[in-house]
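Observations on the three-dimensional arrangement
Okay, here's what each chain looks like letter by letter:
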Amino acid sequence: MGLLDKLSGWLGLRKKEVNVLCLGLDNSGKTTIINQLKPANHSNHLGPLSEEWKHVSQTQAQEIVPTIGFNIEKFKSSSLSFTVFDMSGQSRYRNLWEHYYKESHAIIFVIDSGDKLRMVVAKEELDTLLNHQDIRSRKIPVLFFANKMDLRDAMSSVKVSQMLCLENIRDKPWHICASNAIKGEGLQQGLDWLQEQIAQSTENNEHMNE
Amino acid sequence: MIKKFDKKDEESGSGSNPFQNLEKSAVLQEARIFNETPINPRRCLHILTKIIYLLNQGEHFGTTEATEAFFAMTRLFQSNDQTLRRMCYLTIKEMANISEDVIIVTSSLTKDMTGKEDVYRGPAIRALCRITDTTMLQAIERYMKQAIVDKVPSVSSSALVSSLHMVKMSYDVVKRWVNEAQEAASSDNIMVQYHALGLLYHLRKNDRLAVTKMLNKFTKSGLKSPFAYCMLIRIASKLLDETEGGHDSPLFDFIESCLRNKNEMVVYEAASAIVHMPNCTARELAPAVSVLQLFCSSPKAALRYAAVRTLNKVAMKHPSAVTACNLDLENLITDSNRSIATLAITTLLKTGSESSVDRLMKQISSFVSEISDEFKVVVVQAISALCQKYPRKHSVMMNFLSNMLRDDGGFEYKRAIVDCIISIIEENPESKETGLAHLCEFIEDCEHTVLATKILHLLGKEGPRTPQPSKYIRFIFNRVVLESEAVRAAAVSALAKFGAQNDDLLPSVLVLMQRCMMDSDDEVRDRATFYMNVLQQKQKALNAAYIFNGLSVSIPGLEKSLHQYTLEPTEKPFDMKTVPLATTPITEQKTEIAPVTTSKLPEKLAPSRQDIYQEQLASIPEFQGLGPLFKSSEPLQLTEAETEYVVRCIKHTFARHMVFQFDCTNTLNDQLLQKVVVQMEPSESYEVIHYVPAPNLPYSQPSSCYTLVRLPDDDPTAVSCTFSCTMKYLVRDCDPNTGEPDDDGYDDEYVLEDVEVTVSDHIQKVLKPNFGAAWEEVGDEFEKEETFALASVRTLDEAVGNIISFLGMQPCERSDKVPENKNSHVLVLAGVFRGGHDTLVRARLALADGVTMQVTVRSSEETVVDVILASVG
């Protein structure tokens, strides 16, 4: 973290902008997670919003409805400013995800830990995603949220990672976090990991460029 | 590609357009910067503008490339630049139909339309409704309902207008928003109120009662918005028009009360509605016209224009009412706005008297060069109408028209002038030479192929019969030297007509024709070679058949016959007589000048009424061996208009048979008729061979039954016959509401009026453009002449009309029009008798005590001559 702070100090006040894709089956909690991450929650340590952020919905939405297509949301963490493409998870829109693979710097994949039945579907979608030509060859960080931990019959994050065979992913950094989006538990932890990964890969790139 | 750019350059002219010469592929390439982070709003805006420009220029985008560009554009939603976001909405709307998966932006748009930023909300609603289909509409219904009653006017208006668009797509869903629309209709904002009224009306327009209720409600409560008032007036006048009720209804009172509205737009709308109403009395008209009259002297140009345009439109319908405004219209002639001046003058021309024509024409010519083509056409139309009204003024008009013809102008304008000159020539023989001279001058420098060929055809028809035909040859041959293929071919045909008709010109024409045979174009060479050979024969009959009078068969019919002929290999040569004849176009010899219409498109070869019958009859197996259809008569009513069953009869004549087609309509909603036939009892030796019944005749659904009759072979002179007709059928009573018939029925019959077959059913009209030549062609082998006295007829006009309708032949050489103040007249008629025999009739009429008529008949078949004379006698 210390290094990162220095880096951002170097670059001036402007934070690095990254594009993140938020994927996962319908009703897994993608929009709820993004909603929790929005500035309203962090306003205390981010300070007042600058002029350019004014038009983005600053407050969290009161109710979450199924997304049709996608939503674009923005929020900042300590060192990065995120632009999240919150994609619709309904089956008829999943084929539209691929339009946004190319420009993304990271992927958040959300899983409904209580939905054992559709875990195979999630695995299927994940495999298709990882094998896509725009993703396959890139060392793009993937953050998994094993969401809905508050449910009684929710599986543990270890169990979820087993069911999705995450250990088979060897060419990309990945991390799985247990989360409860409604309360916001576990989200920050996951995001911290993501931030670190992105910073590292940027650093690597800069080394390579030098 | 280079050529394409050249063309674009020409079109855009000045070259001040920064977007000209845009290339689609280059623009799409540029669109890749949409994917870059961070977004550069300025550059993206510029590229979106280019894309929208290309789309609006009609550039075709393939689905894949459009989808790619669309998805790249969706990323721009992450930018918060207002202009860029609104440009995205525009792009979404433009690409909604050409890109796939446009629903991807649904959530983004829903977010914008419910967001806090008012500038986004309206446009987002409009864009959302463009990408939404019926299945998705449910998902956004809640938001739409909220938006309709939103307190921000632009949001509410957008939602209302978008709903209106979606009525076409999913009426049932939008219908559920009526309450919200109702609430919006009481809004204080004039646009919201107007749009709400529009939506309410379109939701209810199929239910007259509901519309009436709505009108009552709003006319009582009153509205704020003048736009809404105008709309109410339109709805009311439409309703009045449909109900055809008297003008004492509250609807009319409402419209009249709007004449006293304080808003000028509403007042004008009301006046215009009243003036345009059919069968309006003078008393009802007066207040509306006086309002328009007041507007004529308004300082606002728009009001003056509106008033004078309305007066112009109704000048023919209510001349007396418009004449009342003449003084005001005269003042408008000098109006600085030329459009107003033109309309004022043409209105005056329509209503003015013969004496004022000269003065008005002088005034028009002073500024005709300053007005746009569109108004020039209006002027020409007015002149054309005027020529019809005051034929004696033709020299003034002709001068004026020829001056106009010399000016610059577009195709529509020139065509209007040419049509007008041609109609004047046809109406006034004494104007022929000057008119032809003007037209000759015009084609010397005419860029419109259609007009050049039309004029050349006219020259070929009229030129040879003028005192000095030789002077036209130069003009025509110049065309062969200078013009495009189509014009050259037309010029060759025109030349041939001169050669055929004027013996002293023939050697020169042959020399010219020889030169045309070297032409580079096939059609021109073919025509020249053909005419050359025909002319060298020096036979009147050949000239008449192949040069003056072209084919008289129907073109679709010829095409079909030739196709049929090629299908069956046979030794026999193709017989032209098996081809159905063309029904003479009615416009050809109309006595009144057809008003020069601007909307007249180049006429396509639409199948004629007879071609349609031919097809219908051919589909009935019983009628397949009858050969081509020779003639179909006009429908004949066999019942009174208001009876239980309405029957009309169409007589179809074939070479040896006749088919009677009975179009029956059952006007009783409690009866179903079955097995309907019309039984016919002939008075002569005609033989009924077959009945084709109409199997079912339910309430108000017309159906046809047919009767096939053989014409007597042994007596060809038996051309007329009377049939007494009885309709026989099985009645099954049925429930008027459900249409469910009872199980059993009973036989019944209904007596119809008699059907008569006369000589005119055996003769098809054929127009011979050059009757004299045709007369010589047929020859006097079977000529017969007889004199009759028509005691009951008082005037020549009446006699001419009677003869034409009795024989059913085509009057030629405009001989159906009797010049005024003449005591004698020659009527020439042409036709083809059943079986394909050319038949010509010349009737010399003299007016004494009653009319004396000497009829000369020529035909290629003797019996035909006898038949016609016998039937006249």
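Residues numbered from 1 in each chain as written. Chains lettered and ligands numbered in written order. Predicted model: local features only at pLDDT ≥ 70, side-chain atom pairs only at ≥ 80, totals over all residues. Heavy atoms only, no water.

1. With respect to the environment of B:Gly850
All names here are of chain B. Assignment of secondary structure puts glycine 850 in strand 17 (residues 850-859). On the basis of relative accessibility, which here comes to 1%, the residue glycine 850 falls in the buried class. Each C-alpha atom, one on glycine 850 and one on arginine 794, is 5.3 Å from the other, the two residues being 56 residues apart in sequence. For glycine 850, the residues in contact, after removing those within four places along its chain, are Leu790, Val793 and Arg794. (Helix = DSSP H or I, 4+ residues; strand = E, 2+ residues; numbered from the N terminus. Buried < 20%, exposed > 50% of the residue type's maximum accessible area, 1.4 Å probe, protein only. Contact = heavy atoms within 4.5 Å.)

2. A word on the nonpolar core
Soluble globular proteins tend to bury their nonpolar side chains together. One finds B:Phe34, B:Leu109, B:Ile255 and B:Met513 to be the most contacted residues of the largest nonpolar core, which totals 237 residues. If sequence neighbours within four positions are ignored, B:Ile255 has contacts with B:Ile233, B:Ala236, B:Ser237, B:Leu240, B:Ala270, B:Ala273, B:Ile274 and B:Met277. (Core = buried A, V, L, I, M, F, W, Y, C linked by side-chain atoms within 4.5 Å.)

3. What to know about the UniProt feature "binding site: Mg(2+)" (unreviewed entry) in chain A
Under the feature "binding site: Mg(2+)" (unreviewed entry), the UniProt entry names A:Thr31 and A:Thr67. Considering the C-alpha atoms alone, the annotated residues occupy 37 residues of sequence yet fold into one spot, their largest mutual distance being 7.6 Å. Among residues more than four places away in sequence, those in contact with A:Thr31 are A:Ile64, A:Thr67 and A:Asp86. With respect to the secondary-structure elements, A:Thr67 resides in the loop between helix 3 (43-46) and strand 2 (70-76). Excluding residues within four positions of it along the chain, A:Thr67 makes contact with A:Thr31, A:Asp86, A:Ser88, A:Gln90 and B:Ser107. At 3.0 Å, the side chain of A:Thr67 and the side chain of A:Thr31 are in polar contact. (UniProt positions renumbered as here; feature names shortened; annotations may be inferred. Polar contact = N/O pair within 3.5 Å; in protein donor to acceptor, adjacent residues only side chain to side chain.)

4. A look at the interface of chain A and chain B
On the chain B side, the residues contacting the 29 residues of chain A number 25 residues. Contact between chain A and chain B buries roughly 2200 Å² in total, counting both sides, with carbon and sulfur atoms accounting for 53%. Summed over the shared surface of chain A and chain B, the result is two salt bridges. For the salt bridge of A:Glu73 with B:Lys111, the shortest nitrogen-to-oxygen distance reads 3.4 Å. Contributing elements (two or more residues each) for the side of chain A that touches chain B: strand 1 (16-24), strand 2 and strand 3 (80-87) of chain A. At five residues, the largest contribution of residues to the side of chain A that touches chain B is made by strand 2 of chain A. By residue class, the composition of the side of chain A that touches chain B is 11 nonpolar, 10 polar and eight charged. (Buried area = accessible area lost by both parts, 1.4 Å probe. Salt bridge = Lys/Arg side-chain N within 4 Å of Asp/Glu carboxyl O. Nonpolar A, V, L, I, M, F, W, Y, C, P; charged D, E, K, R; others polar.)

5. Quick word on the packing of aromatic side chains
This model, assessed by the stated rule, comprises 20 aromatic pairs over all chains. Here A:Phe70 and A:Tyr100 contribute two aromatic rings whose centre-to-centre distance is 5.2 Å and whose plane-to-plane angle is 45°, an arrangement assigned as tilted. Residue A:Phe70 is located in strand 2, and its partner A:Tyr100 is located in the loop between strand 3 and strand 4 (106-112); the two are separated by 30 residues in the primary sequence. Relative accessible area serves as the criterion here: at 2%, A:Tyr100 is assigned to the buried category. A connected cluster of aromatic rings, assembled from ring pairs, spans A:Phe70, A:Phe85, A:Tyr100, B:Phe70 and B:Phe71. Its end group placed over the ring of B:Tyr120, B:Arg85 keeps NZ or CZ at 4.9 Å from the ring centre. The cationic tip of B:Arg142 hangs over the ring face of B:Tyr143; the distance from NZ or CZ to the ring centre is 4.9 Å. (Phe/Tyr/Trp six-rings, centres within 6.5 Å; stacked < 30°, edge-to-face > 60°. Lys NZ or Arg CZ within 6 Å of the ring centre and 35° of its normal.)

6. Notes on unusual backbone geometry
One non-glycine residue with positive phi stands out, namely A:Asn27, at about 65°. Structurally, the position occupied by A:Asn27 is in the loop between strand 1 and helix 2 (30-37). Residue A:Asn27 is classed as exposed on the basis of its relative accessible area, which comes to 61%. For B:Lys675, which is not a glycine, the phi torsion comes out positive at approximately 50°. Structurally, the position occupied by B:Lys675 is in strand 5 (residues 671-682). The exposure class of B:Lys675 is exposed, given its relative accessible area of 58%.

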